[in-house]
Amino acid sequence: MYAYVGSRTTRQRNARGEGISVYSVDENEGRIHLIQTVTGLINPSFLAINRDNTYLYTVHGDQSEVSAFRIDVKNGQLDFINQKSCQGLNPVHLAFDPSEQFLVVSNHLTGTLAVINVHQDGALGNVVQTLALSGNTGPHRVEQCCSKPHYNLFSPDGRLVIVPDKGLDRIFSFHFEGGKLIPSEGQSVPSREAAGPRHAVFHPHRDFLYAINELDSTITVYRVERSTGELKPQQVITALPTDYTGNSRAAGIAISADGLYLYASNRGADNIAVFDVSPEFGGLKVKGFCPTQGKTPRFFTLTPNGKFIFTLNEDSDSIVSLKINPLTGIPEHTGYKNYSGSPVCMVFSNP
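Residues numbered from 1 in each chain as written. Predicted model: local features only at pLDDT ≥ 70, side-chain atom pairs only at ≥ 80, totals over all residues. Heavy atoms only, no water.

### As for the pattern of salt bridges
As enumerated under the stated definition, the model contains 15 salt bridges in all. For arginine 267, the salt bridge identified is with glutamate 214, shortest N-O distance 3.4 Å. Note that arginine 267 is positioned in strand E21 (residues 261-267) and glutamate 214 in the loop between strand E17 (208-213) and strand E18 (218-225), a separation of 53 residues in sequence. The buried category is assigned to arginine 267, whose relative accessible area is 14%. Here lysine 287 makes a salt bridge to aspartate 276, at a shortest N to O gap of 3.5 Å. Here the residue lysine 287 occupies a position in strand E23 (residues 284-291), and aspartate 276 occupies one in strand E22 (residues 271-277), the gap between them amounting to 11 residues. Assessed through its relative accessible area of 35%, lysine 287 is described here as partly exposed. On the accessibility criterion, aspartate 276 (26% relative accessible area) is partly exposed. Each member of the salt-bridge network shares a partner with another, and the members are Glu143, Lys148, Lys166, Arg198, Glu214, Arg249 and Arg267. (Salt bridge = Lys/Arg side-chain N within 4 Å of Asp/Glu carboxyl O. Helix = DSSP H or I, 4+ residues; strand = E, 2+ residues; numbered from the N terminus. Buried < 20%, exposed > 50% of the residue type's maximum accessible area, 1.4 Å probe, protein only.)

### A look at the environment of glutamate 143
Tracing the backbone through its elements, the reader meets glutamate 143 in the loop between strand E11 (124-132) and strand E12 (153-154). Residue glutamate 143 is classed as buried on the basis of its relative accessible area, which comes to 16%. Separated by 147 residues in the primary sequence, glutamate 143 and cysteine 290 have C-alpha atoms spaced 28 Å apart. Ignoring sequence-local partners within four residues, the contact set of glutamate 143 consists of Lys148, Lys166, Gly167, Leu215 and Arg249. (Contact = heavy atoms within 4.5 Å.)

### Remarks on the packing of aromatic side chains
For the structure shown, the criterion picks out eight aromatic pairs. Where phenylalanine 46 meets tyrosine 151, the ring centres are 6.3 Å apart and the plane angle is 80°; that geometry is what we call edge-to-face. Here phenylalanine 46 is found in strand E4 (residues 44-49), whereas its partner tyrosine 151 is found in the loop between E11 and E12, with 105 residues between them in sequence. Just as phenylalanine 46 is buried, tyrosine 151 falls in that class too. On the numbers, 6.4 Å between centres and 20° between planes, the contact of phenylalanine 172 with phenylalanine 174 is stacked. Each of the two residues, phenylalanine 172 as well as phenylalanine 174, counts as buried. Counting every residue linked through ring pairs, the aromatic cluster contains Phe46, Tyr151 and Phe299. (Phe/Tyr/Trp six-rings, centres within 6.5 Å; stacked < 30°, edge-to-face > 60°.)

Below is the structure:
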């Protein structure tokens, strides 16, 4: 198995990254080993891989492009295919539809979503749809000046696309049919003022959605009406320790494959928060916190076997390996740490 790490690379971002780094992965030990670095890329800040592990795609943060790469299945290394415009500024996320004929992209600074066609040979086609998000901006004078979609998440059945918008304090819901985003009957749901919804994850077996709110470091639990796309808020809970009094912003969110544990990262507190998930009602209860041994964990991910978490500490240039205690769900340090300049995204080839 291989892991692919995207990084920030520009002086404007005070970055030290070189591009996309390719690692071999030891899933039994939670260790990674660098085998390739693809340089000459501007801010490859979020990555996506197709199911057959043959193609990788990246958005270029602060730019207006998406790039495609071919994966050598024998050694995991990357070869450039092509690059296309996403018709928006600062794309921050991309995700395949179930057919893998389309990629949906969130353009953070132009408040738009773009749908890009993907050819059978892995090459990117053109944008086939753009859609603007609208609404009243939140009260934060710096971070909420306009619509700022930060993520576009497909539901497990592939019929819904959920889009947290940090600038509008709102989560949008779309159906995806025939390569097009169609506003759902539920359309959108507001978050608390100045919450700044950023990322989200579906429960693997139940109709619940968990959204992490960047600006107030909370998590909101929603019940999902699959037929209409409506999101019904059920709970709001802090992602920070009660005795933490400093500044912090929430970043990533993930859930275990069995749906029993939810994880969230905090930049400032620099930890991973762990929650028990109610198997019946989907509600969250704080279980503990694990330091990330680095600054600003913008991103983290669970390994496909669910045994380890890798945290990407953007401001201390490190990828830290944590082993999940199978009895408690709490991550524990393995002692393994890799240098990686300004890492901001990590994805795995599927086993």
